[in-house]
Structure formats: C-alpha cells, structure tokens
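One letter stands for each residue in the lines below.
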Amino acid sequence: MIVRFIAAAAVLLVIVLAARRAKLVPGRFQVVVELVLDFCRRQIAIETLGEKLGNKYAPIITTIFFSIFFFNITGVIPFLNVAGTSVIGLPLIFALWVFFLYVGAAVKKLGVGGFLKGALFPAGVPKGLYILLTPVEFLQVFLLRPATLTIRLFANMMAGHLLLALCFSATSFFFFSAANGMKILGVVTLAGGFAFFLLEIFVAALQAYVFAILTAVYLQMVLEPDH
Amino acid sequence: MTGNLAVIGYGLAAIGPGIGLGILFGKTIESMARQPEMSGQLRSTMFIGLAFIEVFGLLGLVTPFIFP
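Residues numbered from 1 in each chain as written. Chains lettered and ligands numbered in written order. Predicted model: local features only at pLDDT ≥ 70, side-chain atom pairs only at ≥ 80, totals over all residues.

Where an unreviewed UniProt entry is consulted, chain B appears under the name ATP synthase subunit c, with the organism given as Cellulomonas chitinilytica. What UniProt states about chain B under its Sequence similarities (unreviewed entry) heading is, verbatim, "Belongs to the ATPase C chain family." Quoted straight from UniProt, the Subcellular location (unreviewed entry) entry for chain B says "Cell membrane". (UniProt positions renumbered as here; feature names shortened; annotations may be inferred.)

Undergrad: Help me understand the nonpolar core in this model?
TA: In globular proteins that are soluble, nonpolar side chains generally tend to be buried together. Counting 45 residues, the largest nonpolar core has Ile-61, Phe-65, Phe-211 and Ala-212 of chain A as its most contacted members. Of all the elements in the fold, those that place two or more residues in this core are α2 (28-49), α3 (51-73), α4 (89-120), α5 (130-176) and α6 (185-223) of chain A together with α3 (39-66) of chain B. At twelve residues, the largest contribution of residues to this core is made by α6 of chain A. (Core = buried A, V, L, I, M, F, W, Y, C linked by C-beta atoms within 7 Å. Buried ≥ 20, exposed ≤ 12 C-beta atoms within 10 Å, placed from the backbone. Helix = DSSP H or I, 4+ residues; strand = E, 2+ residues; numbered from the N terminus.)

Undergrad: Sorry if this is basic, but what is going on with the interface of chain B and chain A here?
TA: Think of interface size as the accessible area that goes away when the parts come together; that is how it is often given. Listed per partner, the contact involves ten residues of chain B and twelve residues of chain A. Class assignment of the residues belonging to the side of chain B that touches chain A gives a composition of eight nonpolar, one polar and one charged. (Contact = placed C-beta atoms within 7 Å. Nonpolar A, V, L, I, M, F, W, Y, C, P; charged D, E, K, R; others polar.)

Undergrad: Could you clarify how one ought to interpret the UniProt feature "transmembrane region" (unreviewed entry) in chain B in this entry?
TA: When the UniProt feature table is mapped to this numbering, "transmembrane region" (unreviewed entry) covers residues 6-26 and 47-67 of chain B. Secondary structure over residues 6-26 of chain B splits into 95% helix and 0% strand, and the C-alpha atoms at its two ends are 30 Å apart.

Undergrad: What's the story with the UniProt feature "domain: V-ATPase proteolipid subunit C-like" (unreviewed entry) in chain B in this structure? I'm lost.
TA: Within this structure's numbering, the places UniProt gives as "domain: V-ATPase proteolipid subunit C-like" (unreviewed entry) are residues 6-66 of chain B. Here residues 6-66 of chain B runs as 92% helix and 0% strand, with 12 Å between its end C-alpha atoms.

Listed below in structure tokens is the structure:
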C-alpha cells in the first residue's frame, strides 16, 4: 500500500517539476518529459482517434500511460520490490475507469439507443448473423473488455514479480545452502535474475503502452462505429 | 502418480498463445519487409494484437487464484 503512495507521489513530483518553470527553450529534464507527452499524444491518441478526438482525449490517455508506467516500475526499484499493479485492486480501478470512460463518451455523443445500436449491431453484417454476433458483442463490450484489461495488467506484473523472486531466491539458495558441487549454478541463476530484471523494465513500459493504446482503440470503436 | 493437474492444464493452455504469437510476429516482420514505409502502423497493430493474444496465456496463470 505504501508503495502505491510512493509511486503516486513520484508521478505528481515529476509532472509538477517539469511544468513549474516550463521554459520556451527547454532544459534536459523538461525535454524528456515533453518527449513522453508528445509520444502519447501523437503516437497513441492522434494515430488511433484522428486529429479532433485525439486532441480531446490525449490528456486522459497520457495520464493512464504515465501512472501505469510508474506503478509498474516500482516492481524493479530495489527497496520497493512490489509493483503497485501486481495486486488485483489497482488494475481493476484502471479498467473500470476506462470502461466508464468509453461508455460515458459514447452515451454522451450518440445517446443510449445510438450507443447500443452501434456497439451491439455493427454495420455491414448480413441480417441473420446478428443472432450469433449480438450476444458475443454484448459480452465483449460490457464484460470482457474491462476484465481482460485487468487480467492482462495484473497477470503480467504478478508473473514478472514471481520470476524475479524465484531467480534471486534460487541464487541465494545455491550460494549459501547448497552442496559444494552445486554452488556454480548460483552464477547461472544470478545471470537469469539480471536478465529478467531488464525484461521487467521493458514489460513495465510495454504494459503501460498497451493499456493506453487499448483505451484509445476502445474509444475509437464506440465513438466512430462506422469507421 | 503425484503432482498437480493445474500445472498440466497451464502447459496445455500455453500452446495456443504460443502459436498465435508466432504467427502474429512472423506476419508482421514479413509485412514490414515487403513495405517498409508502413512499419509504424504495422508496429502499432502488432502491439494491439499482442495484448489480445497474451490474455489467453495469462488466463492460465490466473485461474488457480480464481478456483483455489
């Protein structure tokens, strides 16, 4: 729990420090933060949603990307070994946030009837197939999208944490408690631990990116159903 | 015979996503080689596909927590 407070405080600190004395010709720290913000706006929001909607939803998508990245990365920081997102609660909150975001945006733009018609009865399908397609689409929109968002983030972080714990405890066992012939295996597990450490950093960033881009994709699918 | 049936279940469940991921990345690399100017869009679509396929692999990891 404390880890999540620390991660949240870190997010706020980074953003406030970057925005406080924002100069026209930026210094190094501001360049890095601006790079990430521009990446989120251009590569995630505008590429998926188009110019107008992309600029409208870019702040939310950037917030999701940034905060999930920080909550994931605490899993590799030495004294905070737990990732904030490796327990089910936090991914669930993010998934529910995205769910209410896209349902709310679609209902505001198309009305409840228009939203249900566009989402459950996609255009361009022969009339008979709706019997098969509509229950599947209903499950997809209302149940499976939030559930898979949650499970994807949670399981990735939990699996990474388990792998790291396994590698390092195996190293400790081999170096300290094993018979003399087996001690050399400790070097192998230590190298494995280091490799998984780097992989964890990559997976933290990747899962944040995937969550953000899926938010954009789900928004695009409900807001422009005929695209 | 002793052991855990859940582990065998997870092993079987990992076949599908493994094949799926292999096909996805293979096709993406092939498309990038045919049309390098589309690399950016192909890369984005690849990440979206990766997310959907990995869910099935990770469901196998999470089910012991749902059915204890």
